[in-house]
Amino acid sequence: MGMPNPDKLKKVEAEEYDTLVQQLKPKPAIFKNCVWAFTVGGLICVIAQLITNYLLVSGMSGTDASAFTSVIMIFLAAFFTGIGIYDELGKRAGAGSIVPITGFANAIVASAMEFKREGYIFGVGARIFTVAGPTLVFGFAVSVLIGLIKVFITS
Amino acid sequence: MVPLYMAFLVGGALCLIGQIIMDVTKPTITPGHILVGYISCGAILSGLGLYQPLVNIGGAGATIPLSGFGHLLAQGTIKAVEQKGLLGALSGGVEAAAAGITAAIVFGYVAAVLFDPKG
């Protein structure tokens, strides 16, 4: 009777270990993530709607109220990112804290804050655009394209 | 005025779509990609006339997600083209979104200078 090949034994052990890991590994919490994203994203929009309603009641036009609401939301997001609360929220809320314009402001502050040691001009001043840059580039590019199509259609 | 629950539902749904995209494509699609994707898709849908109905239903629930920012750029461009022609194609978007862009850059800079990263 020969001993079982130790290499083969190791392989079997490794396979058993893998199946065990697969069984015990928590399923990606997609459902939980979605509930968080929906709730937090929805609530951020409700706060913005409350601000808009207040501005409309105080006599501002629809366009101005909407623009001013964005400015206030951006201010709040920059502040809460600065004091470290927004990123804590982001760990749970995922896209719920990324998709609203507050997420855009958060990306600006968070990336800029990390690069203070490179100076206030080419550190903070440049890193502000790490995420904002690509976003604006594509936003502008698409809007110019739409404008050109509009020119083409109307002429 | 748009009822608050509609802002909640529309805003929540837009964020939910982003979360599903991120979870399914993990780790290829980053938050940065989501922002770029939303502003572009918002502008395209707006150009096709499909985003304004969502704004009518959802109010801030449609304008606060970054797709609403794309909508603002697109509508600004379209209006400017109607008034000024070709020049409007270049100026209209930024004109409409100027307050938001400037606020994000200035408030963002000030906050980044005043506060230090945690941890």
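Look up: the structure comes first, before these words.
Residues numbered from 1 in each chain as written. Chains lettered and ligands numbered in written order. Predicted model: local features only at pLDDT ≥ 70, side-chain atom pairs only at ≥ 80, totals over all residues.

1. Comments concerning the packing of helix α8 (residues 129–154) of chain A against helix α6 (residues 86–114) of chain B
Two numbers describe a pair of packed helices, the interaxial angle and the distance between the axes. With their axes 8 Å apart at the nearest point, α8(A) and α6(B) run at an angle of 150° to one another. The orientation of α8(A) relative to α6(B) falls into the category roughly antiparallel. Read as a crossing pair, α8(A) and α6(B) show a hand that is right-handed. Residues A:Ala132, A:Phe140, A:Ser143, A:Val144, A:Gly147, A:Leu148 and A:Val151 of α8(A) form the contact with α6(B), whose participating residues are B:Leu86, B:Gly88, B:Ala89, B:Leu90, B:Gly92, B:Gly93 and B:Ala104. Here the residues of the contact of α8(A) with α6(B) sort into nine nonpolar, five polar and no charged. (Axes fitted to C-alpha atoms, helices over the stretch in contact; angles between N-to-C directions. Helix = DSSP H or I, 4+ residues; strand = E, 2+ residues; numbered from the N terminus. Parallel < 35°, antiparallel > 145°, perpendicular 65-115°, else oblique. Left-handed = near helix turned anticlockwise from the far one by under 90°. Contact = placed C-beta atoms within 7 Å. Nonpolar A, V, L, I, M, F, W, Y, C, P; charged D, E, K, R; others polar.)

2. Quick notes on the nonpolar core
Membership of the largest hydrophobic core comes to 74 residues, with the highest contact counts inside it found for A:Ala105, A:Ile108 and B:Leu35. With 11 residues, the single largest contributor to this core is helix α2 (residues 30–57) of chain A. Those residues within four positions of B:Leu35 in sequence are excluded, and the remaining contacts are A:Ile98, A:Gly103, A:Phe104, A:Ala107, A:Val131, A:Thr135 and B:Leu66. (Core = buried A, V, L, I, M, F, W, Y, C linked by C-beta atoms within 7 Å. Buried ≥ 20, exposed ≤ 12 C-beta atoms within 10 Å, placed from the backbone.)

3. Thoughts on helix α2 (residues 31–47) of chain B
Relative to the 24 Å expected for 17 residues at 1.5 Å per residue, α2(B) spans 24 Å between its end C-alpha atoms, a close match to the ideal helical length. For α2(B), the elements touching its buried residues are α5 (95–98), α6 (101–113) and α8 of chain A together with α1 (4–25), α3 (51–58) and α5 (66–84) of chain B. (Expected span 1.5 Å × (residues − 1).)

4. So, the interface of chain A and chain B
Chain A puts 66 residues into the contact, and the matching count from chain B is 64 residues. Those elements that place two or more of their residues in the side of chain A that touches chain B are α2, α3 (62–82), α5, α6, α7 (120–127) and α8 of chain A. With 17 residues, the top contributor of residues to the side of chain A that touches chain B is α2(A). Looking at side-chain class alone, the side of chain A that touches chain B contains 44 nonpolar, 20 polar and two charged residues.

5. Considerations on the environment of A:Met113
The topology assignment puts A:Met113 in helix α6. Look at A:Met113 and you get buried, because 24 C-beta atoms sit within 10 Å. Residues A:Met113 and A:Leu145, spaced 32 residues apart in sequence, show a C-alpha to C-alpha distance of 34 Å. Among all residues touching A:Met113, those that are not within four sequence positions of it are B:Ala112, B:Phe115, B:Asp116 and B:Pro117.

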